[in-house]
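Coordinates in review
What follows is the residue order along each chain.
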Amino acid sequence: MSVLSFNKQNQINWAWKVDSQKIDSSEVAIKNALMDIENPIYLAQNGAGVGITQSVADTGEQAVLAFAQAVNCEDLGDPAFKKQHKVKYAYHGGAMANGIASVELVVALGKAGFLCSFGAAGLVPDVIEDSIKRIQTELPNGPFAVNLIHAPSEEALESGAVDIFLKLGVDTVEASAYLALTEHIVYYRLAGLSENSDGSVNIGNKVIAKISRTEVASKFMSPAPQKVVDKLLAKGKIIPIQEQLSGRAPMADDITAEADSGGHTDNRPFLTLLPTIIALRDQIQAEYNYSPALRVGAGGGIGTPEATLAAFNMGAAYIVLGSVNQACVEAGASEHTRKLLANVEMADVTMAPAADMFEMGVKLQVVKRGSMFAMRANKLYDLYSNYDSIEAIPALEREKIEKQIFRQNLDDVWTTTIAFFHERDPEMLARAKSLPNLGRPKFRGI
């Protein structure tokens, strides 16, 4: 509370006073007050020293020497992020593939005022569509997003996902693992463009792009490539007004600077990645003057309150949490996984080939404690790199992987692979048949 008075020169004096009886100088009291971020703190004289209190009073005797405002969780982050996504907190529950970021997790976070992405990556179209419908039933007005992952070797899945999103009216996607813009992500973005009555651009389909490289970030911060726009217009996928508006809107509303996480991040360090992407955003925003302005959030390694505050203090518009959410009962992870992650230390992780970009040599961070995954995956990649086909593998090496990794004959593994891709992406099998050695594309599918 403030007290207003006038001095002899008729100048206004503002003075905050506190009750001397409520000032506490003990170490415990000071620590507790500093940790209680939801209430303000006031520093005042207390005898020969100073003390702390959390309230002011009209009849107080001691003047306030310094103060710190209350910090509520909903006050953190960029208000524009919260407004556009209709959420209470500048927090995004990131997508975890194969439905680990489950329908239940998306709904629970959405009802609490958080944005969360459904982990659609790796799921077949029918499962994705059914999951979205379940989310829409629980969250008819949002907020929620759905993951759209770049799949270089399974283009049909990316294309099919976009078709489902547009059919069901999904208005927010989290784009991840992109190396460059594809026709499919551009189609999704542009199909939601329209013109407001004042001539401004209305962006109906929002994109949160998760990146770890500046060259990829710049593509999402820029308007859609005209070559792709012209192609979509020629195919009749977008209308002329959307082609005209495409040059006035970036490819993404939000850019998540994803540091060293469990995704496709190339081991980017958080302390250098975030400010680098923010600087790039400032440069591109100044060039295009987008309205609303581009935002940059932060993800990767944020699992404690201290890390959260650090991200916001470094300028993040919002934060993204992924792997830590696997501990939630709503996550689509097994109890074994939850217990395993609960005991993981910083040194208990390593790099291993990514299943969805195996042939490209892309690696991501995985748990090594209590798991043979990294060792086995790296072994398979070494064999993939050194031999042209399954048949070329030396008999001894083949016997080892059949007994120690697959625990079945490779011929049986290949039969299972055919059945898997027949349901998931038949075009993959068609491409495989064009390769030598019985149509087996090296180790794709193993």
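My aim in this report is to walk through the structure given alongside it, one point at a time. Just so we're clear, the structure is a prediction, and the values are computed from it rather than from any experiment.

Analysis parameters
- Residues numbered from 1 in each chain as written.
- Predicted model: local features only at pLDDT ≥ 70, side-chain atom pairs only at ≥ 80, totals over all residues.
- Heavy atoms only, no water.
- Axes fitted to C-alpha atoms, helices over the stretch in contact; angles between N-to-C directions.
- Helix = DSSP H or I, 4+ residues; strand = E, 2+ residues; numbered from the N terminus.
- Parallel < 35°, antiparallel > 145°, perpendicular 65-115°, else oblique.
- Left-handed = near helix turned anticlockwise from the far one by under 90°.
- Contact = heavy atoms within 4.5 Å.
- Nonpolar A, V, L, I, M, F, W, Y, C, P; charged D, E, K, R; others polar.
- Pairing = 2+ DSSP bridges.
- Expected span 1.5 Å × (residues − 1).
- Disulfide = S-S within 2.5 Å.
- Buried < 20%, exposed > 50% of the residue type's maximum accessible area, 1.4 Å probe, protein only.
- Core = buried A, V, L, I, M, F, W, Y, C linked by side-chain atoms within 4.5 Å.

1. Let's talk about the packing of helix H3 (residues 103-111) against helix H4 (residues 125-138)
- Taken N-terminus to C-terminus, the directions of H3 and H4 make an angle of 25°; their axes are 10 Å apart at the nearest point. Overall, the two elements H3 and H4 adopt an arrangement that is roughly parallel. Read as a crossing pair, H3 and H4 show a hand that is right-handed. For the pair formed by H3 and H4, the contact residues are Val-103, Glu-104, Val-106, Val-107 and Lys-111 on the first element and Ser-131, Arg-134, Ile-135 and Glu-138 on the second.
- Split by residue class, the contact of H3 with H4 holds four nonpolar, one polar and four charged.

2. Description of the sheet that holds strand E14 (residues 295-299)
- The strand order around the closed barrel formed by eight strands is E6-E7-E8-E9-E12-E13-E14-E15, and the pairing between neighbours is parallel. Direction aside, the axes of adjacent strands within the sheet are offset by 30° on average.
- Where strand E9 (residues 172-176) lies against strand E12 (residues 206-211), four bridges are found, and the strand directions are parallel. Counted as the bridge partner of Val-173 is Val-207 from E12.
- Its contacts with the sheet place helix H6 (residues 183-190) against strand E8 (145-149), E9 and E12, and it is angled at close to 145° to E12.

3. Concerning helix H5 (residues 155-168)
- Compared with an ideal rise of 1.5 Å per residue, which puts 14 residues at 20 Å, H5 spans 20 Å between its outermost C-alpha atoms and is within 8% of the ideal.
- The positive-phi residue at the C-terminal boundary of H5 is Gly-169, with phi of around 75°.

4. Details of the state of the cysteines
- Summed over the entire model, instances satisfying the criterion amount to zero disulfides.
- Free of any disulfide, Cys-73 has its nearest neighbouring cysteine sulfur in Cys-328, separated by 16 Å.
- Residue classification places Cys-73 among the partly exposed residues on the basis of a relative accessible area of 43%.
- Unpaired in terms of disulfides, Cys-116 finds its nearest cysteine sulfur in Cys-328, a separation of 8.9 Å.
- Judged by its relative accessible area of 0%, Cys-116 falls in the buried class.

5. Thoughts on the side chain of Glu-174
- Positionally, Glu-174 belongs in strand E9.
- Not counting chain neighbours up to four residues away, the residues in contact with Glu-174 comprise His-92, Gly-94, Ala-95, Ser-117, Val-146, Asn-147, Leu-148, Ile-208 and Lys-210.

6. A short note on the nonpolar core
- One finds Phe-165, Ile-185, Phe-220 and Ile-255 to be the most contacted residues of the largest nonpolar core, which totals 83 residues.
- Examining the composition of this core, we find that six residues originate from one element, helix H10 (residues 270-288), more than from any other.
- Aside from chain neighbours lying at most four places away, what touches Phe-165 is Ile-128, Ile-132, Val-146, Asn-147, Leu-148, Val-170, Val-173 and Tyr-188.
- Ala-121, Val-362, Leu-364 and Ala-377 belong to the second largest nonpolar core, which has 11 residues in total.

7. Focus on the pairing of E14
- Most of E14 sits inside the fold, with five of its five residues counted as buried.
- Residues Arg-295, Gly-297 and Gly-299 point to one face of E14 and Val-296 and Ala-298 to the other, with burial holding for every one of them.
- Judged from the five bridges that link them, strand E13 (residues 254-258) and E14 form a sheet pairing that is parallel. Note on E14: the bridge partner recorded for Thr-256 is Gly-297.

8. Quick word on the environment of Ile-241
- Considering the arrangement of structural elements, one finds Ile-241 in helix H9 (residues 240-245).
- According to the relative accessible area criterion, Ile-241 is partly exposed, its value standing at 28%.
- Residues Ile-241 and Ser-197, spaced 44 residues apart in sequence, show a C-alpha to C-alpha distance of 14 Å.

9. Description of unusual backbone geometry
- At the junction of Gly-142 and Pro-143, the peptide bond is cis and its omega measures out at 0° in the coordinates.
- Structurally, Pro-143 is set in the loop between H4 and E8.
- Cis geometry marks the peptide bond from Ser-291 to Pro-292; its omega dihedral reads 0°.
- Take Pro-292: it is sitting in the loop between H10 and E14.
- You will see that Asn-289, though not glycine, has its phi angle at about 50°, which is positive.
- Along the chain, Asn-289 falls in the loop between H10 and E14.
- A positive phi is found at Arg-407, a non-glycine position, where the angle reads about 55°.
- Within the element layout of this structure, Arg-407 appears in the loop between helix H14 (395-406) and helix H15 (410-424).

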